[in-house]
Each structure stands twice: as C-alpha cells, then as structure tokens.
Amino acid sequence: MSNPIRSITGTFDVLPDAYRVDDALIAGSAAWRHVEATVRDVMARYGAEEIRTPILEPTELIARGIGQLTDIVSKEMFAFERGDTNYVLRPELTAPVMRAYLQHRLDQRGGVQRLYYIGPCFRAERPQRGRYRQFHQFGVECIGAEAPQADVEVISMMIGVYRALGVSDMKLRLNTLGDAESRPRYRQALQAFLAPHAARLTETSRQRLETNPLRILDTKDPGERALLADAPKLVDFVDGASREHYDRVRNLLSAQGIAFEEDPFLVRGLDYYTRTSFELESPALGAQSALAGGGRYDLLALEVGGREAVPAVGFAAGMERLFLALDAAGIAMPAAERLDAYLVALGDEASEWATGTAARLREGGLRVATDLLSRSMKAQMREANRLSARYAVIVGSDEMAAREAMVRDMAGAEQERVPFDDLALRLRA
Ligand code: HAM
C-alpha cells in the first residue's frame, strides 16, 4: 500500500521491543508485564483487590463526578451519542470505581474496600512527551474509611510501587482542600484578589478567572506566579475538622519516614476532592512532571447519585510517565521471556520432525519455536539468538539417520549429540 493507515496521534502500539518516539521511550511488552506484575504485587501486600470496569461509561457519570467546569469534562472527553445514550471513553477510574461500588453494593462485603486497577484511559489533550490521548493508569481507591490512616496508606502504596521498581528521585506535594464549603469561600476570595489584576493574567487564566479560578494556581507563567505569591492561601479557608485531619496525615507520613512538601497551591484538575490532595512528581520528567496524583473524595458518592456520602481516598499513576522515569534513571527492564529451545531443521524430513517434536515438547511445558521459512542454518541460528533461546537443537539429514539431535548451549556454545528420545529430558536440565 502506498499510503498505509497510521495509528491516531497520541496513541501507541506496545511492541515486543521498546522503541522511541521523538525522545520518549515506548516500553516493550515484557517491560509492561513486569511493571504490571510489580503493581499487583505491591497492591497485594496491602490486601487490595483488583477491579475492572468498562472502558465505556455513561457521560453523565464523568461529567457529574469530575465536574462540568474541569478541563477534562469541558474539552478533553472522547464522548459520543448513539441512540439515546451518551457514551464516554473513560478519562480516569475514580468515578467509574465509585459507580461500581454503589451499583454492586460493595459496602455489604463489610469493612473497607481497597480496589486497585490497571487500564487504559482517554483524554483529548494536545499530545506531547508524557501526555497522550490513550494512556494507562494504575491506582487504588480505598473506599469506606474516614481515618487519616487511609490517606497515608494510599500514599504509601503509591510510593511503594516506584520504590519496588527502583525509582527514588521523586517529590511528594501535599495540600488540604477542606470541606465542601471551604472551596467556594476560597474561590470567591481568590477571584476578588485576582480581578483587579486581570490585565496581568494570560488569556487562559483570564477565562479561568470566571469559570474555574482555582486552576490558575497551577500556572507555570512566571508573572502569574509572582502575582500569586501574595494571593490568599487555601489553607486559611479550611474548616477545623479538615485541618485536624491534615495535621494527622502529616504526622503519620513523617512517622513513616515519607518525605513531603506542603504546597498550598496544589488544587488538582478534578472537582471531587475534599481534604487531602497530593501529587507525586519526578524532576526527570520535564514539563509533564506529575507521575501520579490523588486525594480524598468523601462527597463523590453523592455527586454520582449515591444516597449518602461515602468516605474514600485514592491515587492514580500514569504508566507511560513511570516508564519515562525508569528510562531517565537508567533502570533496565527485563527482555521478553526466553525460549527453552529453537529447533533448527535443515531439509524437509528434518522440518517435519521438528514440527512434531516441537508440539510434543510444548505439551510438556517447554517453550519451543521452529523455522517456518525453510531458511539456511545461519538464518535459523540468528533467529534462535534473537528469541534468546537457551538451546538450539540442530537437525539435518545425518541427525535424522542417527536419530540424534545436535544440542547447542547458546550461551557457552558447547554442543553435544542427544538421542531424540532423551531430548525433552536434556532440554529441561
Ligand atoms: P490525574 O492527576 O488526572 O488524576 O491523573 C493521574 C495520573 O495519570 C497523572 O499524574 C499522570 O501520570 C497520568 N496522566 C493523566 N493524564 C495523562 C495523559 N494525557 N497522558 C499520560 N498520562 C496521563 C486522576 O485521574 C484521579 N482519578 C486520581 C485519583 C484516584 N484520585 C483519587 N483516586
């Protein structure tokens, strides 16, 4: 084809081998499995259980859960209508997990539900390094506990995954958003402070001043940052109970030796948060520095139609950004699982033997591949090497006549003749 169809910008194929797009590493499938296995292992250490929710959700869930005025809902949703239903490709999993919790009455299982997930999310953002249209999150939602210990446990799970993979260059930023009333009061105060300076704001921030002034706190513009230095601080608008909760979170983190930095401007881009909010950053990532983020969302259940508030806290992390951090730290990822044997067959008779033998060896649990292209010995050996086979089993007409295969150890290159009947035993050694 002269004009082959390409994947959508901001989405990636995960291939057997890693590759780079511009400067960004797209990890190979074995590295993905390794990271996913590490996530599962760390989650299991906390008694978290896996949940898998649909990629398609009702748009209303996301709009009500995350908030109409957020960037995600107002401009980044892949949403469409079909018949009389509005669908959205999920941009995150917190609202979907809460929906599932309420729908299936998971509270009736008793106690606290620690639900973890790994899966794709979709946001129609302008793609750049570390920011994609299809990306993957892993995370946990800890539903049913009000105690600050839950906040700290979630933060510890999040950091635990990076530590288990060897990433140490991270910074945890922490803030409290207070209760449902704190934010509107602060919003008003911030608007009142910024309004007289509107002329000094960027175009985007001027728009946000009306719709979502708290997002201005995220600005990277140096002029705006200077202006904000004198702005009212969220923490001064926070109610007493939330402050106390925040104090306990900070003390528990310190007691566990988890370093953090308080950031009174950390508001996050989703509206469901109350009390604790946090973000984990890696200085190695450049502009898209957030590895993961999360917080408490005690009122989300009400927003999505639950009868009562359900205390909950969670985090989610970007897989692609984790790979960028691993790459920046020079942490090697495992290659694909190796083959036990590659059967190098020369000639038709040997090729037929190889087909039958490979089938038998596989039934016995061995990993075996054969040549399907009647290639030269050299080409078949190259293939054995590429697939990291432990042994090459070489069979030509002489070996067929003697009913013995030449077994070569690919690492040491020693070889020995092994009777066909003893092959399975020898390859297991
Ligand atoms: P979020 O901050 O929107 O939070 O996303 C969490 C993480 O997902 C980010 O820190 C980033 O690593 C990754 N991420 C987000 N958007 C993209 C993108 N376009 N491309 C690549 N990676 C991206 C949430 O989604 C909340 N649900 C977190 C949470 C869980 N809060 C409570 N529980």
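Structure shown above.
Here the structure is a predicted model, which is why all the values come from computation and not from measurement. (Residues numbered from 1 in each chain as written. Predicted model: local features only at pLDDT ≥ 70, side-chain atom pairs only at ≥ 80, totals over all residues. Heavy atoms only, no water.)

Focus: the nonpolar core
- Judged by nonpolar contacts, the single largest core of 96 residues is most densely connected at Met98, Met158, Tyr162 and Phe315.
- If one sorts the elements of this core by residue count, helix H5 (residues 148-165) sits on top with 10 residues.
- In contact with methionine 98, not counting residues within four places along its chain, are Ile143, Tyr297, Leu300, Ala301, Val304, Val310 and Ala312.
- The next biggest cluster of nonpolar side chains, apart from the first, holds 20 residues, and it includes Leu343, Ala350, Met400 and Leu427. (Core = buried A, V, L, I, M, F, W, Y, C linked by side-chain atoms within 4.5 Å. Buried < 20%, exposed > 50% of the residue type's maximum accessible area, 1.4 Å probe, protein only. Helix = DSSP H or I, 4+ residues; strand = E, 2+ residues; numbered from the N terminus. Contact = heavy atoms within 4.5 Å.)

With respect to empty space enclosed by the protein
- Per the stated rule, a full pass over the model turns up 1 cavity of 30 Å³ or more.
- Its volume calculated, the largest cavity comes out at about 100 Å³.
- Lining of the largest cavity is provided by Phe12, Val14, Leu25, Ile26, Ala27, Trp32, Gln134, His136, Glu320 and Phe323.
- Contributing elements (two or more residues each) for the lining of the largest cavity: strand E2 (24-26), strand E8 (134-143) and helix H11 (319-328).
- Residues belonging to the lining of the largest cavity are distributed by class as follows: 7 nonpolar, 2 polar and 1 charged. (1 Å grid on protein atoms, 1.4 Å probe; cavity = no way out; pocket = protein on both sides within 12 Å on 5 of 7 lines; lining within 4 Å. Points joined across faces, edges and corners; volume = space filled by probe spheres on them. Nonpolar A, V, L, I, M, F, W, Y, C, P; charged D, E, K, R; others polar.)

With respect to the packing of aromatic side chains
- A full pass over the atoms with the stated rule returns 9 aromatic pairs.
- Pairing phenylalanine 80 with tyrosine 87 gives two aromatic rings, centres 5.3 Å apart and planes at 15°, and the pair type is stacked.
- Tyrosine 87 sits in the partly exposed class, given a relative accessible area of 24%.
- Centre to centre, the rings of tyrosine 272 and tyrosine 273 are 4.8 Å apart; their planes meet at 65°, and the pair counts as edge-to-face. Grouping residues by exposure puts tyrosine 272 and tyrosine 273 together as buried.
- Ring pairs connect the aromatic residues Phe138, Tyr162 and Phe315, which therefore count as one cluster. (Phe/Tyr/Trp six-rings, centres within 6.5 Å; stacked < 30°, edge-to-face > 60°.)

Thoughts on the pattern of salt bridges
- In the structure shown here, the tally under the stated rule is 30 salt bridges.
- Between arginine 99 and glutamate 57 there is a salt bridge; the shortest N-O distance is 2.7 Å. Here arginine 99 is found in helix H4 (residues 94-103), whereas its partner glutamate 57 is found in strand E4 (residues 56-58), with 42 residues between them in sequence. The same class applies to arginine 99 as to glutamate 57, namely buried.
- For the salt bridge of aspartate 71 with arginine 215, the shortest nitrogen-to-oxygen distance reads 4.0 Å. Of this pair, aspartate 71 sits in helix H3 (residues 71-75) while arginine 215 is found in the loop between helix H7 (203-211) and helix H8 (222-228), placing the two residues 144 residues apart along the sequence. In this pair, the class of aspartate 71 matches that of arginine 215, namely buried.
- One continuous salt-bridge network, built from bridges that share partners, spans Asp71, Lys75, Arg208, Arg215 and Asp218. (Salt bridge = Lys/Arg side-chain N within 4 Å of Asp/Glu carboxyl O.)

A short note on the sheet that holds strand E15 (residues 368-370)
- Here 5 strands make up an open sheet; going across it, the order is E15-E14-E16-E17-E18 and the pairing mixed. Lying at the two open borders of the sheet, with one neighbouring strand each, are E15 and strand E18 (415-419). Looking at each pair of strands side by side, their axes are set apart by 25° on average, direction ignored.
- Sitting on the sheet, helix H12 (residues 348-363) touches strand E14 (341-345), E15 and strand E16 (391-395), and the angle it makes with E15 is about 160°.
- Against the sheet, helix H13 (residues 377-386) makes contact with E14, E16 and strand E17 (404-409), and its axis sits at roughly 175° relative to E14, the strand it touches most. (Pairing = 2+ DSSP bridges. Axes fitted to C-alpha atoms, helices over the stretch in contact; angles between N-to-C directions.)

Let's talk about the packing of helix H1 (residues 29-45) against H5
- Viewed as axis vectors pointing N to C, H1 and H5 meet at an angle of 135°, and their least axial separation amounts to 9 Å. Considered as vectors, H1 and H5 are oriented oblique to each other. Seen from above, H1 lies across H5 with right-handed handedness. Residue-level contacts link His34, Val35, Thr38, Val39, Val42, Met43 and Arg45 of H1 to Met157, Gly160, Val161, Ala164 and Leu165 of H5.
- Counted by class, the contact of H1 with H5 contains 8 nonpolar, 3 polar and 1 charged residues. (Parallel < 35°, antiparallel > 145°, perpendicular 65-115°, else oblique. Left-handed = near helix turned anticlockwise from the far one by under 90°.)

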